Amino acid sequence: MRIIVQKFGGTSVASEENRRRVAQRIIEARESGLAPVVVISAMGRSGDPYATDTLLSLIKDYGELPKRDIDLLLSCGEIISCSVIAATLNRMNQNTVVLTGREAGIITDDHYGDARIVRIEPHKVLNHLREGSVVVVAGFQGVNDSGEVTTLGRGGSDTTACALGSALNAEVIDIFTDVEGIMTADPRIVDSARLLDRITYNEICNLAYQGAKVIHPRAVELAMQKNIPIRVRSTFTDTPGTLVCAHGEATENGHSIRCDRVITGITQMANVFQIKVETASYPDPAAAPSMIFRSLADAGISVDLINIQPEVVAFTVDSGEGPRSKAILEAQGFQVRVLPGCAKVSVVGGGMAGLPGVMASISEALREQDIAILQSADSHTTIWCLVKNEDMNRAVKALHDKFSLDK
Ligand code: ADP
Ligand code: MG
């Protein structure tokens, strides 16, 4: 059996017209001899009746609720959209079975709201595929070993799709969305962003971890482990989209690429909070970094963009954790300076390691736009610059232009 996983995001299932388009995509796959496993997100975006954010807004004034109860509520959005897609397929004479995450055998850990998939028990999905049905699975949800419903966090339906694709040894995983594919920058920010016809797992993981929300990085990693190609493509046009596959020599099926792009793309993450701790005045300056990072770690706060110098330790945290981080460090006797409202702009590319001039171009591009770099860091695939939130979009455009990524 040749299995294909097809995942459709929120806007793809938001209207009846779009849902017909989705059904057509599924029928096309069947007609080409593939057995589709379809993963569906909740319908629409914030404000739409059954979107995840809308469900969440129903309980926002009721104080703190058990996380388990919130997950149960959130999981309803996908169950509704799946059932409506199944109805659409039935009307088009396609025999279809709808499965919740639990029924599809998606077993997760206990981390409500951001659960990880620990294994897949796919017998039910396989049985229905063997009977010749289209199997429509509710994305973004699973069940833990005690049988409680969990949700998978942001981009969770991408993760459902790739976990199923891996467990079922799918031929390909199609991520259908509202853009043509993976582009050199978010097309909502950069008009001239260019569609990439191919990209390696590593490149898209790097982009996605730095904020490109077109696909969730955890999902990419799941597909990468089994070397299953992913196609990111538009529900609404017939363009082939972007093929995500391994780096290396071309294989028989063609699902492998050489990739030596210096810069793959520019991405951004708004709303980070910069913290600078003076360590020179601390009684034991040498012990300061370990004190700082241990106390934040004990409070479950994750830090990013870390620069340690003899007299100052600088880093960022998510905006939501900013005030708490400041309070924790001040309680330890540190002098803390904070800068809320920052954004992390990232230049990502596998081929930049050791190449002189990349940082020179970045600093020139931002200087030309009068954008201050508040902090920076680099790895062999990424250079990060911290800027003010209000400068973020201009910084992304300037960097995209500087590296001529539209060409
Ligand atoms: P879905 O609901 O289909 O999962 P998402 O909103 O999660 O859709 O992801 C698609 C969005 O990702 C696009 O509308 C686009 O604005 C955004 N995006 C961010 N970075 C990129 C990029 N590099 N290439 C393409 N899209 C991007
Ligand atoms: Mg998404």
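For the structure itself, consult the block above.
To keep things clear, this report deals only with the structure shown in the data block. (Residues numbered from 1 in each chain as written. Chains lettered and ligands numbered in written order. Predicted model: local features only at pLDDT ≥ 70, side-chain atom pairs only at ≥ 80, totals over all residues. Heavy atoms only, no water.)

Overview of the site of ligand 1
Cut-off, in case you're wondering: We call a residue near a molecule or strand when any one of its heavy atoms sits within 4 Å of it. Under this definition, polar contacts are N or O atom pairs within 3.5 Å; protein pairs additionally need one hydrogen-donor-capable and one acceptor-capable atom, and for neighbouring residues in sequence, both atoms have to be side-chain atoms. Note on areas: these come from Shrake-Rupley sampling with a 1.4 Å probe, and a residue is covered only by the protein chains present in the view.
Close contacts around ligand 1 come from 18 residues, with Thr177, Asp178, Met183, Asp186 and Arg188 the closest. Here an oxygen atom of ligand 1 sits 2.7 Å away from a polar atom, N or O, in the side chain of Thr177. A distance of 2.8 Å separates an oxygen atom of ligand 1 from a polar atom in the side chain of Asp186. Protein burial of ligand 1: of its 580 Å² of free accessible surface, 93% is covered by the chains.

What about the side chain of Glu78?
Threshold: For the purposes of this entry, the term helix denotes a DSSP run of H or I that reaches at least four residues, the term strand denotes a run of E that reaches at least two, and both are numbered from the N terminus. Three labels apply to residues, based on accessible area from a 1.4 Å probe with only protein chains included: buried if under 20% of the type maximum, exposed if over 50%, partly exposed otherwise in between. Residues scored as positive are Lys and Arg, those scored as negative are Asp and Glu, and His as well as the terminal groups of each chain are ignored. Criterion for a salt bridge: a side-chain nitrogen of Lys or Arg within 4 Å of a carboxyl oxygen of Asp or Glu. Contacts were defined at the residue level, with two residues in contact if any of their heavy atoms lie within 4.5 Å.
Inspection of the secondary structure assignment puts Glu78 in helix H3 (residues 67–91). Buried charge without a salt bridge: Glu78, with Lys7 as the nearest opposite-charge side chain at an N-O distance of 8.7 Å. A polar contact of 3.0 Å, which involves the side chain of Glu78, links it to the backbone nitrogen of Ala42. Apart from the residues lying within four places of it in its own chain, the contact partners of Glu78 are Ile40, Ser41, Ala42, Thr52, Ala138, Gly139, Phe140, Gln141 and Ser157.

With respect to the packing of helix H1 (residues 16–31) against H3
Rules: Every axis corresponds to a line fitted to the C-alpha atoms, with the helix fit spanning only the stretch in contact, and the corresponding angles, defined between N-to-C directions, vary from 0 to 180 degrees. Put simply, angles under 35 degrees are roughly parallel, angles over 145 are roughly antiparallel, angles from 65 to 115 are roughly perpendicular, and the rest are oblique. By the definition used in this description, the sense in which the near helix is turned from the far one sets the handedness, with an anticlockwise turn below a right angle giving left-handed and a clockwise turn giving right-handed.
One can describe the packing of H1 onto H3 by two numbers: an axis separation of 10 Å at closest approach and a directional angle of 65°. As judged from the angle between their axes, H1 and H3 are roughly perpendicular. With respect to the hand of their crossing, H1 and H3 are arranged in right-handed fashion. Note on element contacts: H3 touches H1 through Val84, Ile85, Thr88, Leu89 and Arg91, opposite Glu16, Arg19, Arg20, Val22, Ala23 and Ile26.

Description of the sheet that holds strand S15 (residues 304–308)
Hydrogen bonds along the backbone pair up the strands of a sheet, which may run parallel or antiparallel. Stated formally: Note on pairing: two strands pair once DSSP finds at least 2 bridges between them.
Strand order in the open sheet formed by 6 strands is S15-S16-S14-S17-S19-S18, with antiparallel pairing between adjacent strands. Looking at which strands have only one partner, the edges of the open sheet turn out to be S15 and strand S18 (375–378). When the angles between neighbouring strand axes are averaged without regard to direction, this sheet yields 30°. Two strands pair when backbone bridges link them, and strand S14 (residues 265–278) and strand S17 (residues 335–348) are joined in this way by 11 bridges, in the antiparallel orientation. Each bridged residue has a counterpart across the sheet, and for Ile266 the counterpart in S17 is Val347. Sitting on the sheet, helix H11 (residues 392–402) is in contact with S14, S17 and strand S19 (382–388), with an inclination near 125° to S14.

Concerning the nonpolar core
Definition in use: What makes a nonpolar core is a set of buried Ala, Val, Leu, Ile, Met, Phe, Trp, Tyr and Cys residues whose side-chain atoms join them at distances within 4.5 Å.
Core analysis: the biggest nonpolar cluster contains 40 residues, and Val37, Ile173 and Ile230 have the highest contact counts within it. Setting aside residues up to four positions removed in sequence, Val37 forms contacts with Ile3, Ile4, Val5, Gln6, Val125, Leu129, Val135, Val137, Leu164 and Leu168. Ala185, Val190, Cys385 and Leu399 belong to the second-largest nonpolar core, a separate cluster that totals 26 residues.

Brief notes about the layout of surface pockets
Left-over empty space is what a probe sized like a water molecule reveals as it rolls over the atoms. Put simply, the test is: With a 1 Å grid laid over protein atoms only, a set of points is called a cavity when a 1.4 Å probe fits there but cannot get out and a pocket when it is open yet has protein on both sides within 12 Å along at least five of seven lines; lining residues have an atom within 4 Å of a point. Grid points are joined across faces, edges and corners, and a volume is the space filled by probe spheres set on the points. Polar here means any residue other than Ala, Val, Leu, Ile, Met, Phe, Trp, Tyr, Cys and Pro, which are nonpolar, and Asp, Glu, Lys and Arg, which are charged; Gly is therefore polar.
When its volume is computed, the second largest pocket comes out at roughly 190 Å³. As for the second largest pocket, its lining consists of 14 residues, of which Ile117, Val118, Ala163, Leu222 and Gln225 are closest to the centre. Where the lining of the second largest pocket is concerned, the elements lending two or more residues are strand S5 (117–120), helix H5 (156–167) and helix H7 (217–225). The residue makeup of the lining of the second largest pocket, split by class, is 6 nonpolar, 3 polar and 5 charged.

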